[in-house]
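# Structural description and commentary
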Amino acid sequence: MRFLFTIAMTLLLYGCYKNESVITDTLIYCSEAYPQSFNSQISHDISTLDATTHQLYNRLVKFDASGESFIPDLATHWQQSDDKLSFTFFLRKNVNFQHTDYFTPTRFFNADDVIFSFQRMLEINTPYNSINRAGDSYFYNHPFTNLVADVIKIDDYTVKFILNEPDVTLLANLAAHYGVIISKQYGEKLLSIGHPEKIDYYPIGTGPYQFKNANKRTGIIRYNAHPQYWGVRPSIKNLIFEVTTNKTKRHSKLLSGECDIITYPEPSQLDKMAANPKIKLHRTATDNLALWSFNTVAAQFNNKNIRQAFSYAIDQKTIIEAIFFQSGNATSSLLAEQSWAYNPKRITLQYNPQLALEMLKNNNFDFNKTITILTSIENSVFNPNFHKTAELIQINLFDIGIKSEIISLLPAALEKRLASGHYDTYLTGINMPMNDPDSLFRPLLSCDATVAEGNSSQWCSKRVQTLLDSALLESNFIKRIMSYYKLQEITQQDRPYYPIAHVLRVDASNQNISGLRVDPLTGIDFQYIRKTEVN
């Protein structure tokens, strides 16, 4: 009897979602994982960004569609001081926070909310600085916290950001996912009732959608359109996230109509999906980079000629075809081609095992030693299959007489091993938290960056450090670009890293969906989606 009841309920729920998926003002998005929180200030996993940044919140500024210019969001305009140590922002008026079952605001957005949002990140002694801190090791580990000295209220609709030193990346930081604005009034209410932790799980923002409810057990998250939204109001009134961790199952749900949009399909299925006239594939270039790091303080890799030789030994084309399919583009550069600082005069990676062998012999490489290839057991958006990638590299090394050992570890053990420095190479990846090349180059290349922050090569160049630091102070755009051009030339010659692929974000939708926007740094945006009836 219980079995029959379970079957009946399953069919009923299937029918509900099937029915909802054909309604033109309801959209079902099948995501790959449940968000770590509903606040992109404290969580930077892709699932959190998709569920929050564009749906629930606004920022002071954002990037235009080209990703090259800043445009107003909650700030209508701004001014930089002559000494470059402060920026003044003039705020939009008559902006409503969301009204939900758990909070009803009594005033419009103003400067107090800006101060509250950023003081949480900047001021250790504020009540919310430590709230939910144990839930995410990333928390406020991003450039903004070292950039800004203070945020000052001039009046209800004017705020001033004071910098620690001149730095041209403030606007890029404010446009990043952690630049979202939250309600001070809501924060004060939660403190008064003794539940400040709810601020990150029962969100209140100014964005086009408002949070309705979520169930982690079922993986269902529901939003309603924000009826008092200040900007372009979405045509989708009911937005549903359905967490479906299995890639093949997400694909099946798209075909059956249970999902309108899915994210990250199985790479091996992309050709088949592209040939299906009922499916649209949406590919978005990202700055997410799959790379192979050489530990430059290890005896075998403190010589740039050895590192260059290892680069010649790797068959990048085979790795791309076997691992990434259509979800990644082969690259010879750390910086993606769509970046305004990308240097087109790059050194193209060549697969030349004979040259690799000659260079290794000429530089007295010890072929008797076994090289370690360290990697994570868990795959990521940087790499669909770390272990298989390591195996392909291992085969390439074997072909030129190099013995290697693959060491795949769980996150805690991997972090400990990296901190110890006992590894030769590390198969990993990195993403840019904001649309500025400093957010990629500094963690990878700065002498001050730790292994945990991104510098797994443990490489330090005074010349590169000078370029990194001077580029932050340079307000002349052309001069700043030239600094990054030079930096790329140096790193391509010295080769502390072997870049494998810049990963594409791939989403798939039914043909009746239009207007989907995806920002590679801040996530998916449902505000402009249109859904038509299926014939």
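Parameters at a glance
Residues numbered from 1 in each chain as written. Predicted model: local features only at pLDDT ≥ 70, side-chain atom pairs only at ≥ 80, totals over all residues. Heavy atoms only, no water. Domains from an automatic or database assignment. Contact = heavy atoms within 4.5 Å. Buried area = accessible area lost by both parts, 1.4 Å probe. Salt bridge = Lys/Arg side-chain N within 4 Å of Asp/Glu carboxyl O. Polar contact = N/O pair within 3.5 Å; in protein donor to acceptor, adjacent residues only side chain to side chain. Helix = DSSP H or I, 4+ residues; strand = E, 2+ residues; numbered from the N terminus. Nonpolar A, V, L, I, M, F, W, Y, C, P; charged D, E, K, R; others polar. Buried < 20%, exposed > 50% of the residue type's maximum accessible area, 1.4 Å probe, protein only. Pairing = 2+ DSSP bridges. pLDDT = per-residue confidence, 0-100.

### Let's talk about the domain arrangement of the chain
Along its sequence, the chain is organised into domain 1 (22-260 + 512-531) and domain 2 (285-505). Taken over C-alpha atoms, the centre of domain 1 sits 32 Å from the centre of domain 2. Residue-level contacts link 22 residues of domain 1 with 16 residues of domain 2. Around 1700 Å² of area is buried between domain 1 and domain 2 when both sides are counted, 60% of it from carbon and sulfur atoms. For Asp50, the salt bridge is made with Arg505, and the minimal N-O distance between the two is 2.9 Å. The interface formed by domain 1 and domain 2 includes three residue pairs in polar contact (both at pLDDT 80 or more). At the level of elements, α2 (46-56), α5 (170-174) and β20 (523-525) are the ones that each hand at least two residues to the side of domain 1 that touches domain 2. In terms of residue class, the side of domain 1 that touches domain 2 is built from 14 nonpolar, five polar and three charged.

### Describing the pairing of strand β14 (residues 370-376)
The element β14 is largely enclosed, with a buried count of six among its seven residues. The pairing of β14 with strand β16 (residues 425-430) spans two bridges and is classified as parallel. Among the inter-strand pairings, Ile373 is bridged to a residue of β16, identified as Thr425.

### Section: the side chain of Thr286
For Thr286, the position within the fold is in strand β12 (residues 279-294). A relative accessible area of 5% means that Thr286 is categorised as buried. In terms of polar contacts, Thr286 uses its side chain to reach the backbone amide nitrogen of Asn288, at 3.0 Å. Non-local contacts of Thr286, meaning those with residues more than four positions away in its chain, are made with Ala336, Gln338, His502, Val503, Leu504, Arg505 and Pro520.

### Quick notes on the confidence of the model for the chain
In this model, the chain carries a mean pLDDT of 91, and residues with pLDDT of at least 70 account for 94%. Counted against residues more than four places away or in other chains, residues 1-11, with its pLDDT under 50, gives zero contacts. Across residues 135-139 the pLDDT falls below 50, and counting only partners more than four positions away or on other chains, this stretch makes 16 contacts in the model.

### Quick look at the pairing of strand β17 (residues 497-510)
Most of β17 is tucked away, with 14 of its 14 residues classed as buried. Across 12 bridges, the pairing between β12 and β17 is antiparallel. Note on β17: the bridge partner recorded for Thr284 is Arg505.

### Notes on the pattern of salt bridges
Scanning all chains against the criterion turns up 15 salt bridges. Measuring nitrogen to oxygen at the nearest pair gives 3.7 Å for the salt bridge that ties Lys304 to Asp494. Of the two residues, Lys304 is situated in helix α9 (residues 304-312) and Asp494 in helix α16 (residues 477-494); the sequence distance between them amounts to 190 residues. With a relative accessible area of 35%, Lys304 lands in the partly exposed category. Where salt bridges share partners, they join Asp50, Arg505 and Asp507 into one cluster.

### A look at α9
When α9 is considered as a whole, its buried residues turn out to be Ile306, Arg307, Gln308, Ala309, Phe310 and Ser311. Where α9 is buried, its residues touch β12, α11 (353-362), β14, α12 (386-399), α16 and β17. N-cap assignment for α9: the residue whose side-chain oxygen lies 2.8 Å from the backbone N of Asn305 is Asn303.

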